[in-house]
Amino acid sequence: MLWYTGKRILQMIPVFFGATFLIYFMVFSLPGDPIAALFGDRPPAPSVIAQIRAEYNLDKPFIVQYFLYIGGLFQGDLGTTYSGRPVADVMASAFPITARLALLALVFEAFAGVLVGLIAGLRKGKWFDATALVVSLLLISVPTFVVGFVLQYVFGIQLGWFRPTVSGDAPWGELVLPAIVLASVSFAYIVRLTRASVADNLNADFVRTATAKGLSRRRVVTVHVLRNSLVPVVTYLGVDLGALMVGAIVTEGIFNINGVGGTVYRAVTLGEGPTVVSFIAVMVIIFVVANLLVDLLYAALDPRIRYAK
Amino acid sequence: MSLPVTDAATSRYDSSHEPLLQIRDLEVGFQTQRGLVPAVRGVDLTLYAGQTLAIVGESGSGKSTTAQSIIDLLPGTGKVTAGQILFEGRDLTTLSAREIQEVRGNLIGYVPQDPMSNLNPVWSIGFQVEEAIKANNIAQGKEARLRTIQVLQEAGLSDAGDRLKQFPHQFSGGMRQRVLIGIGLSSRPKLLIADEPTSALDVTVQRQILDHLGTLTRDYGTSVLFITHDLGLAAERAEQLVVMYKGKVVESGPSQQILANPQHPYTQRLVAAAPSLASRRIQAVKTHDSVEGEIFAQGAIDNTLLERAAERENAAPAKDLISVRNVSKVYRIRKQGFRTDELKAVNDVSFSVQKGTTTALVGESGSGKSTVAKLLLKLESITSGDIEFDGHDVSALKGAELLKFRRRVQPVFQDPYGSLDPQYSVGNTIAEPLLAHKVGTARERQMRVLELLDQVSLPASTRYRYPSELSGGQRQRIAIARALALKPDVLVLDEAVSALDVLVQGQILNLLTELQTELGLTYLFITHDLAVVRLVADNVCVMRKGQIIESATTDEVFDNPRETYTQDLLAAIPGGNFEFGR
Amino acid sequence: MQNKNYTPQGHYVAPLEETPVAAIDKLDESQKARSTWADAWDAMRRRPTFWISAVLILLIVVVAVFPALFTSVSPDKNCLLANSNGGSEAGHPLGFTRQGCDVYARLIFGTQASVTVGLLATLLVTLVGIVIGALAGYYGGILDTLVSRLGDIFFAIPTVLGAIVLMSVLPNRTPITVALVLSIFAWPQIARIMRGAVLSAKNSDYVMASIALGVSRFKILVRHVVPNAIAPVIVIATVSLGTFIVAESTLSFLGIGLPPSVMSWGNDIGQARTSIRTSPQTLLYPAAALSITVLSFLMLGDVVRDALDPKARARR
């Protein structure tokens, strides 16, 4: 396991540099003036331009720009927002809110998704399974922002069960509805994945052997079928984090949450390019690190990975 | 007719008692889109306490389905549709899910077929054994752990205590099978169902494990229901035989009686096809009209083909066509960290093959026999030594020379399901080599495909079919036809009949012998199965751990094996001591 | 049993007429010959889901190509503010947007942009993914290492997240640029799947046999390896067409997808958000159109996967 962890961390390093370089490259090496592109239709004041030029070292060669940026990252300098606040400061206040939202969403999609998927897989072809399949297909095909608007309208405005927008410090209770919106698509994917995996494992030889040993049906299902079906679900969670980040931008925008996603949402809609770039670079770094954790979790769940060379 | 009395054949039961297991008129069907497909059609069998009964049949005969239906392990849509399964007088088919769960493991143990897929890869070995012990209330808590070690030690894993925390993928196939046997016997059941428990293992391992299983069940007084495709194995291990064919019992009774005097035509066929040490090399009886003649008549498809045919006729009979001299093959294996290990898959191997003869390379898994085949086919590069084919150094061949070599030496691989491209029709598969070497026009190639199909005794309409519609034996014929398309001199047959049912195997071996006589082919026959070797080979090389430890003519090796390993191999052939009534 | 006159454990021989012994391994010529693709087609056309999704997709494509066939009302001219957020009335079955434009007409004319982005991105990603994945998996070595590491880097940037960055700095945005930007971040997924499938096909015995027959390496790749590795890619491509359409709508909703001058469902949904309380139809209708389109491709993907899945095939 130690060897595996070390190997994964080593593999992460080039990905980290590659991904940040890629973002940097795309933004600052596009033909034309990057400043103009960053600010779109609303050219900023000359003082802002000068500040941005200094901030991003635009007068230096591109590769130097990149390394100065990376050097800053390691010293905790994540960039500056449009209004001049350090990104790190905004992160410090916004990140806990988004972490809470993401945690709620993850717990919901993982537990509910696995549970519904398990029942559907065990009753393949029955009405529960058919309903679960149809509902999951519908959830995947409706964009998150539509689900957000509709739930906000129905539960927040019409029924008044939840606050339609979340207050500044975003208490757990107010985050429930946004978390459900955020989790909806991933929930559907997890249902489908668990269902397929459970149905597959039910036909596995080792499940038949477990039954032949005299184990109860409940034990066969939980210890052998469900346990093995969790492995692909965990791998999926790694990929899914990316979708959750995009979802967070949309959801926090709709519910007016002061998290990372909400900040990016406002920056995007207001055309504040530098803020968008800085924040998304940080999000990509979080994504890379989170995927490392998911890989380690995956290895913890599957001994074949753990002991692989 | 000599019938040696084996241990298993001595009666240890009293048939005046009630039978332990009695299956009556059992019918099992599988629900499919096209309705209920019957798999077992009215099976009867009776098993007394302490007895071993074997169900013998080829794939699809319903033997495993019968066994699985006893403790309700039928896969998917399988269902018992009629009949009774009486275990100690209780009809198991009428039990509730709860009641049958009490019977499983506790009263009836089960040892499955494939050790690779029957242990859960994510749980440790100790966990999986202990789980069975706890579920059947044999022991709980700390005692369960001790019992687990004991069970595994009894099953033949002496270092069980240290290995409880290891996972299935860290165990070899043989060891996993021992674990499964340990699980099956952990609660001292009255009946053990062993569904082809060793068919995935090497013969010597198979023998050790079956001996051990025999000792254990005799000690515990356990009855065994033994499922196998191997008549020799069944006869050696069971006193009662049930022969199944297409879901029905065609013959049942005491093993020795059935072997000595098979009554049903199907059983007679099985007995006749069972290879044993007493068999002799198949001689081709049938001679077709000269196929080479036909080629001449067809007009010159290809001049070199004709030249080669002529060459073949004029060649001196005792010339070495292939000589392998001091060949080694080393693989580098990456270990954890940055170390690499060297694996000598083939170590200083030398042998030669004469034109028109069959040389068998025999060995167990990991002996390096298949690597030799790949080296000869130039599918892998030689680390040291050289292989000469008809005077040419194989490793030096390039470009046009290599192409020429390829058309003269053709392979037929083991797995008939993997060696044909599922997307290609049979006609295209057989025509592929002709196309690759640009032989003939489209029409001529078409004619050649028909001719080849005829040579392997398949109807012309087969060319429109796809591999998924064919049986294993039929696919192997297609593979042979494809290999013959370019009129090669040598066929390298890598376990070419190992995956086939015994009757089909016999048929393919006959076909190969006929083709050898007709076309003057030279065979390199790679196999783990010594019994088959006796039927087809002129010379035998026995391989172990990358080296050839014994090589001589087939008769010499079988009659006077010099090495202990060869003797062990010969002794491990199931049913080797029987002389079948034929 | 009674009728069989059964004696336990005696030497029993079944009557021959009950189980006549067939010729060994005889080919059953009564069955029709069929290829794996014909087999898959057979399995698909038996599923109602296949026909529902196929008809819907056909309809959507026709609407996208010939929008004028379905409405005579202009989607962006003659919009009267007097009609702002108006309900349905004769000639305008789905009511009006905030700008007073006909919702139905906008829905019809918005199809083209959404479908173009989805189709184009899928084509690009599939083509690039197949070629790169196949070459890397088949030839291995340094090429494989390079491509795999490069894929890892792109994979570390979630598709829509990367698209948000790139789109927010791109000067001119059209359906083609949106499709291009989405493809840049999405190709590694297909390449990975293709590479895996090629690796397993490459090690099969039929490839070994073809090498020994003297077929050239490249021909083996084209004739044997790719056709046998393509099935999982087809499934993913079908499904990703739907997800690209969702991605485009998300970008448009954020205001960085298609510019407001291009009619698209995403833009209309984004613009309708302010009026959801007073006139939900302006949001719900384009959302429904989008969801039905995505759903059609998802359902088709499901049917195709079932039809091509070897495990499911074995059960038929």
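Nothing here was measured: the structure is a model prediction, and the numbers come from that model. (Residues numbered from 1 in each chain as written. Chains lettered and ligands numbered in written order. Predicted model: local features only at pLDDT ≥ 70, side-chain atom pairs only at ≥ 80, totals over all residues.)

Observations concerning the overall build of chain C
Then, number 1: When you go through chain C residue by residue, the secondary structure sums to 12 helices and 1 strand.
Then, number 2: Shown N-terminal to C-terminal, the secondary structure of chain C runs as helices and strands in the order β-α-α-α-α-α-α-α-α-α-α-α-α.
Then, number 3: Relative to the compact-globule value of 20 Å for 316 residues, chain C shows a C-alpha radius of gyration of 27 Å, a clear excess of over 25%.
Then, number 4: Reported as C-alpha extents along the three principal axes, the dimensions of chain C are approximately 95 × 60 × 35 Å.
Then, number 5: In chain C, which comprises 316 residues, the share counted as buried stands at 50%.
Then, number 6: Within chain C, contacts between residues separated by at least 24 positions form 72% of all contacts whose residues are at least 6 apart in sequence. (Helix = DSSP H or I, 4+ residues; strand = E, 2+ residues; numbered from the N terminus. Rg over C-alpha atoms; globule rule 2.2 N^0.38 Å. Buried ≥ 20, exposed ≤ 12 C-beta atoms within 10 Å, placed from the backbone. Contact = placed C-beta atoms within 7 Å.)

Concerning the sheet that holds strand β5 (residues 90–91) of chain B
All names here are of chain B.
Then, number 1: Read across the sheet, 4 strands follow the order β2-β1-β4-β5 without closing on themselves; strand pairing throughout is antiparallel. Of all strands in the sheet, those bounded by a partner on one side alone are β2 (35–47) and β5.
Then, number 2: Examined bridge by bridge, strand β1 (residues 21–32) and β2 share 10 bridges and lie antiparallel to one another. Residue pairing in the sheet places Q31 in a bridge with L36 of β2. (Pairing = 2+ DSSP bridges.)

A word on the interface of chain C and chain B
Then, number 1: Taken together, the contacts link 37 residues of chain C with 57 residues of chain B.
Then, number 2: For the side of chain C that touches chain B, the secondary structure elements donating two or more residues are β1 (12–13), α7 (205–213) and α8 (217–229) of chain C.
Then, number 3: If one sorts the elements of the side of chain C that touches chain B by residue count, α7 of chain C sits on top with 8 residues.
Then, number 4: Across the side of chain C that touches chain B, the residue classes tally to 19 nonpolar, 12 polar and 6 charged. (Nonpolar A, V, L, I, M, F, W, Y, C, P; charged D, E, K, R; others polar.)

Describing helix α6 (residues 173–185) of chain B
Residue and element names in this part refer to chain B.
Then, number 1: Given a rise of 1.5 Å per residue, 13 residues ought to cover 18 Å, and the 18 Å separating the end C-alpha atoms of α6 matches this to within 8%.
Then, number 2: Counting buried residues along α6, 11 of its 13 residues qualify, which places the element largely inside the surrounding structure.
Then, number 3: Taken together, the buried positions of α6 are occupied by M175, R176, Q177, R178, V179, L180, I181, G182, I183, G184 and L185.
Then, number 4: Those residues of α6 that are buried are in contact with β6 (108–111), α3 (125–135), α4 (141–154), β7 (191–195) and α7 (203–220). (Expected span 1.5 Å × (residues − 1).)

Comments concerning unusual backbone geometry
If a residue is not glycine, its phi is most likely negative; likewise, a peptide bond is most likely trans.
Residues and elements named next belong to chain B.
Then, number 1: The backbone phi angle of R188 is positive, close to 50 degrees, even though this residue is not glycine.
Then, number 2: Tracing the backbone shows R188 in the loop between α6 and β7.
Then, number 3: Using a count of 16 C-beta atoms within 10 Å as the deciding quantity, one classes R188 as partly exposed.
Then, number 4: Positive phi is not limited to glycine here, since N326 has a value of about 50 degrees.

Side note on the packing of helix α5 (residues 87–122) of chain A against helix α10 (residues 217–254) of chain A
Two quantities define a packed helix pair, namely the angle between the helix axes and the distance between the axes.
Residue and element names in this part refer to chain A.
Then, number 1: For the pair α5 and α10, the least separation of the axes is 10 Å and the interaxial angle reads 140 degrees. Regarding the angle of α5 to α10, the classification is oblique. You can see that α5 and α10 cross each other, and the crossing is right-handed. Residues T98, L101, A102, A105, V114, L118 and L122 of α5 pack against V221, L226, V233, L244 and A248 of α10.
Then, number 2: Here the contact of α5 with α10 is composed, by residue class, of 11 nonpolar, 1 polar and no charged. (Axes fitted to C-alpha atoms, helices over the stretch in contact; angles between N-to-C directions. Parallel < 35°, antiparallel > 145°, perpendicular 65-115°, else oblique. Left-handed = near helix turned anticlockwise from the far one by under 90°.)

Quick look at the domain arrangement of chain B
Interface size is commonly expressed as the accessible area that is lost once the parts come together.
Then, number 1: When cut into domains, chain B gives domain 1 (112–186) and domain 2 (288–320 + 353–572).
Then, number 2: On a C-alpha basis, the centroid separation for the pair domain 1 of chain B and domain 2 of chain B is 43 Å. (Domains from an automatic or database assignment.)

Here we look at the sheet that holds β7 of chain B
Then, number 1: Strand order in the open sheet made by the 7 strands is β6(B)-β7(B)-β8(B)-β3(B)-β9(B)-β10(B)-β1(C), with mixed pairing throughout. Bordering the open sheet on either side are β6 of chain B together with β1 of chain C, each of which pairs with just one other strand.
Then, number 2: Looking at chain direction, strand β3 (residues 52–56) of chain B and strand β9 (residues 240–245) of chain B are connected through 4 bridges and run parallel. Looking at the pairing, I55 of chain B lines up with V242 of chain B of β9 of chain B.

Side note on the nonpolar core
Then, number 1: Counting residues in hydrophobic clusters, the biggest one holds 342 residues, and the most contacted among them are I23, I280 and V284 of chain A, L524 of chain B together with A163, I164 and L182 of chain C.
Then, number 2: When residues of this core are assigned to domains, at least three map to each of domain 1 (112–186) and domain 2 (288–320 + 353–572) of chain B.
Then, number 3: Leaving out residues up to four positions away in the same chain, I164 of chain C has contacts with V268, V276 and I280 of chain A together with L254 and I256 of chain C. (Core = buried A, V, L, I, M, F, W, Y, C linked by C-beta atoms within 7 Å.)

What to know about the confidence of the model for chain B
Residues and elements named next belong to chain B.
Then, number 1: The share of residues in chain B with pLDDT of 70 or more is 87%, and the mean pLDDT across the chain is 84.
Then, number 2: Here residues 1–14 is modelled with pLDDT under 50, and outside its nearest four sequence neighbours on either side it reaches 25 contacts, counting other chains as well.
Then, number 3: Every residue in residues 285–309 is under pLDDT 50, and counting partners more than four places away or in other chains gives 19 contacts. (pLDDT = per-residue confidence, 0-100.)

So, the packing of helix α2 (residues 48–65) of chain C against helix α11 (residues 281–308) of chain C
Residue and element names in this part refer to chain C.
Then, number 1: It is the contact of α2 with α11, at a shortest axis distance of 9 Å, that shows an interaxial angle of 140 degrees. Between α2 and α11, the interaxial angle falls into the category oblique. The handedness of the crossing between α2 and α11 is left-handed. On α11, the residues that touch T49, F50, I52, S53, A54, L56, I57 and I60 of α2 are I292, T293, S296, F297, M299, L300, D302 and V303.
Then, number 2: Among the residues making up the contact of α2 with α11, the classes are represented as 11 nonpolar, 4 polar and 1 charged.

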